[in-house]
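Residue-level structure breakdown
For reference, the chains in residue letters:
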Amino acid sequence: MPGFDIPKSHPRYHSLVKREKLVAGFRLGLVVPEGLIAHGRGETFDYLLGEKSHEFALEAERVTAALLLVSRRPVISVNGNYAALAPDEIRILSEETGALVEVNLFHRTEERIRKIYEFLVDHGVRNILPPDCGKTRVPGLESKRGIVCKDGIAAADFVLLAIEDGDRTEALVAWGKKVAAIDLNPFSRTAQKANITIVDEAIRATQNIISYVRELKERERSELIAIIDKYDNRRILSMAFQALLDRLSVAVSKGIL
Ligand code: ATP
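Rules used throughout
- Residues numbered from 1 in each chain as written.
- Predicted model: local features only at pLDDT ≥ 70, side-chain atom pairs only at ≥ 80, totals over all residues.
- Heavy atoms only, no water.
- Salt bridge = Lys/Arg side-chain N within 4 Å of Asp/Glu carboxyl O.
- Helix = DSSP H or I, 4+ residues; strand = E, 2+ residues; numbered from the N terminus.
- Disulfide = S-S within 2.5 Å.
- Buried < 20%, exposed > 50% of the residue type's maximum accessible area, 1.4 Å probe, protein only.

Under the defined criterion, the tally for this structure stands at 21 salt bridges. Among the salt bridges present, the one from R235 reaches E59, with a minimum N-O distance of 2.3 Å. Within this pair, whereas R235 is found in helix α11 (residues 233-254), its partner E59 is found in helix α3 (residues 55-70), the two being separated by 176 residues in sequence. Across the salt bridge formed by R108 and E110, the nearest N and O atoms sit 3.1 Å from each other. Within the structure, one salt-bridge network assembled from shared partners comprises R62, E215, R219 and E223.

In structure tokens:
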């Protein structure tokens, strides 16, 4: 990738590549400056959690895979950060599940919608709603933040989103959608309001969901429903907080991790 000359041996290689992807996305007009700040918040939590997918994330990712497979109309909601970070993973997940992709933005401009759409199409995403899709509004969300596609999020029974704002997540849940949210901060309103909270980094999370989709694809529907029914998001959030506490406890007692 142009401009990505970070040596693989660098201890923070993966983190630096993600930054470069976001900066490239910013220069292309996919990512807004606020998105760069949001990424920094996410990085902090990833650092605190040891930059790995914990058990609580894997469990939420597995149930998300099951939901993508059993839902009538699953939609992957993609914003600028998610597109810049994980276009190939979004393509594969959409291909493997048949889920529709909708570009949906908090800081919405038609130009940015079009740029992200074209970026994803250039990365091979096919099952994606066009920028001129028929529009409607999420009840309770004023201004452009509430605009969604009639045939996309409005018609969805399940929405997977990432790096999202709390108000919008809450409004989607209140609208009756089942929502899985990828968000590294378990304190965020998105994390607290989603039905399934994936406390994991967006690229890792999407790769893990893809693996689970491949594992679960051949299972009986009843088995998938059983996985979904026994899922408890409060327990998952508690485990995420406990993991933060454990890491900090070790650091406090030893002065080193
Ligand atoms: P909320 O409105 O939900 O309380 P917020 O004000 O922090 O949260 P934003 O800044 O809009 O909301 O959302 C960004 C969220 O996404 C943050 O919680 C951040 O930790 C998380 N985040 C940022 N980058 C990533 C990433 N690469 N993977 C997963 N989560 C991320």
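Tallied over the entire structure, the rule returns 1 disulfide. Residue pairing for C133: its cysteine sulfur links by disulfide to C149, the two sulfurs lying 2.0 Å apart. Around the S-S axis, the bridge from C133 to C149 shows a dihedral of about -70° and counts as left-handed. Residue C133 is located in the loop between α6 (110-122) and β3 (135-137), and its partner C149 is located in strand β4 (residues 147-149); the two are separated by 16 residues in the primary sequence.

Time to look at unusual backbone geometry. Non-glycine residue E51 carries a positive phi angle of around 50°. By the element assignment, E51 lies in the loop between α2 (33-48) and α3. The backbone of S143 sits at a positive phi, close to 65°, despite the residue not being glycine. Within the secondary structure, S143 is located in the loop between β3 and β4. On the basis of relative accessible area, S143 is assigned to the partly exposed category, the value being 44%.

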